[in-house]
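For reference, the chains in residue letters:
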Amino acid sequence: MTEYDADDATPPDPASAPPAPDTAAAPHVTPADAADAARLVAFGLQPKLLPARDAEYAELLRRHRDDPAFARLADAVAAGLGLIVLEVSTRAGMAVTAAEDSVFAVRMGDYARRAATDSADRFLHGLAHLAVAAMAFPRPEDLADDGYIGRITVNGVDAFVRQACRRLEERAERQGENTDPATGAPGLEAAWRVYARRSATGATKDARRLAGSTTGIIGKAVAFLVDSGFLQRTGDDAGGAYRTTARYQLQVRDLAGSAALGELLELGIVPVADGSPTLLPPDDSDDLDLVADAGLPFHS
C-alpha cells in the first residue's frame, strides 16, 4: 500500500472505506459471564442434579431464559465442548447430549466393555437399552407429552424382548429362513437369535441372577441409566421397577429416528403402564421387514 500524496492523487472516497466496528451493537462479554455460562454447562453435565434443589443452578437457568446474550454464550460453550443442547428448562435443567466426536460421548463399546467381555454380551447390552427405550415410550404421543412418565421393570423388559424374539422367529419360519444364530450381524434380525437362547435369570448359589443372564444384562443397563440421570428406581417389584425422567424423554426423542428402535416398536408388542408387556394380536400384513444393518441408538 502506498501513502496518499495530496499533490498528485485524488483523495480516497470515505464512503468506500470499511465500516468501523459497531461496538454498541455487540454486548460486552466479561470473564464473569463466560464463567457463569461454563458453570451452567457444568450443572448440565451432572444428570442427577435437579434445579429445584440447587439455587445457583435455578438462577443460571432463569438467566438463560431471560437474557438472550447469556443464552447464546452458554449454548456456544456447550457447542465448543461437543455437546448438543436438547432443552434448557426448570423441568429438565440444561439437558445436553454428546455429539459423536465429543470427549463426553458415552459410546456403546465403552459402556459394554465395562459391563461384559464377550462380544455377544456387548451386543445384548445394546439390545437391552433399545428395549428399555421402546417400553418407556412406546407411542409417539408419549415422547411428545412433556408430562408423560414411562414406567418399566427389569422382568417386564425381558418379557417384552422375548415376545419380540418369538414374533421374529415365527416370521423367519414362515419365510423359510435359516434360524441358526448369526451373532456377527448388527441388525435386530440377528439379535433375537442370540437373546432367545440366553437364560432369563440363571442363578448363583445365593439366588442372585447371573450377570450374563438376560435379566442380569437388563439390570446393568437400567443401573447405568439411573447413574446417568435417565431413570429413577421406584421399587423392587419384578426385578426392579423404574420411572423415566425428563432427561431420558429428551434423550429418546433425540434417538427416535433410530431404525432399530422403529423395528422393535413395529413388531406390535406394547407395554402397559405398570411396566408389564402385552402382545397384540398379529395383523394380516407381512410388511414388517427389518431394515438391513440397522444400528443401535449409540455411537459405534
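As a reminder, the structure under discussion sits directly above these lines.
Residues numbered from 1 in each chain as written. Predicted model: local features only at pLDDT ≥ 70, side-chain atom pairs only at ≥ 80, totals over all residues. Heavy atoms only, no water.

K.L.:
Which residues make up the overall build of the protein, and what values go with them?
P.N.:
The number of helices and strands found in the protein is eleven helices and seven strands. Here the protein holds 300 residues, and the buried ones make up 41% of them. Put simply, 60% of the contacts in the protein that link residues at least 6 apart link residues at least 24 apart. Summed over all atoms, the accessible surface of the protein reaches about 16200 Å², with 54% contributed by carbon and sulfur. (Helix = DSSP H or I, 4+ residues; strand = E, 2+ residues; numbered from the N terminus. Buried < 20%, exposed > 50% of the residue type's maximum accessible area, 1.4 Å probe, protein only. Contact = heavy atoms within 4.5 Å. Areas by Shrake-Rupley, 256 points an atom, 1.4 Å probe, with all protein chains shown as cover.)

K.L.:
Provide a residue-level description of the side chain of Gln249, including the pertinent values.
P.N.:
Looking at the secondary structure, you find Gln249 in helix H10 (residues 246-255). Overall, the relative accessible area of 1% leaves Gln249 in the buried class. Leave out the neighbours within four places in its chain, and Gln249 touches Arg91, Phe137, Asp142, Leu143, Asp145, Asp146 and Tyr148.

K.L.:
Got a sec to walk through the environment of Val132? Specific residues and values, please.
P.N.:
Secondary-structure assignment places Val132 in helix H5 (residues 119-136). For the pair Val132 and Val161, spaced 29 residues apart in the sequence, the C-alpha separation amounts to 9.5 Å. Val132 has contacts with Ile152, Val157, Val222, Leu225, Leu231 and Tyr248, leaving out every residue within four places of it along the chain.

K.L.:
Go over the sheet that holds strand S4 (residues 231-235), please, and point to the residues and values.
P.N.:
Strand pairing in a sheet relies on backbone hydrogen bonds, with the paired strands running either antiparallel or parallel. Taken in spatial order, the three strands line up as S3-S5-S4 in an open sheet, and their pairing is antiparallel. Each edge of the sheet is formed by a strand with only one pairing partner; in this case those strands are strand S3 (151-153) and S4. Between one strand and the next, the sheet's axes are offset by a mean angle of 35°, whatever the strand orientation. The pairing of S4 with strand S5 (residues 241-244) spans four bridges and is antiparallel. (Pairing = 2+ DSSP bridges. Axes fitted to C-alpha atoms, helices over the stretch in contact; angles between N-to-C directions.)

K.L.:
Describe the nonpolar core, listing the residues and the values that go with them.
P.N.:
One finds Val132, Ile152, Val157, Val161, Val222, Leu231 and Tyr248 to be the most contacted residues of the largest nonpolar core, which totals 34 residues. When residues of this core are traced back to their parent elements, those giving at least two are H5, helix H7 (154-174), helix H8 (188-196), helix H9 (214-227) and H10. With ten residues, H5 is the single largest residue contributor to this core. Dropping the residues within four chain positions of it, Val222 is found in contact with Val132, Ile152, Val154, Leu231 and Tyr242. Core analysis: the second largest hydrophobic core is formed by 16 residues, Leu40, Phe70, Ala74 and Leu83 among them. (Core = buried A, V, L, I, M, F, W, Y, C linked by side-chain atoms within 4.5 Å.)

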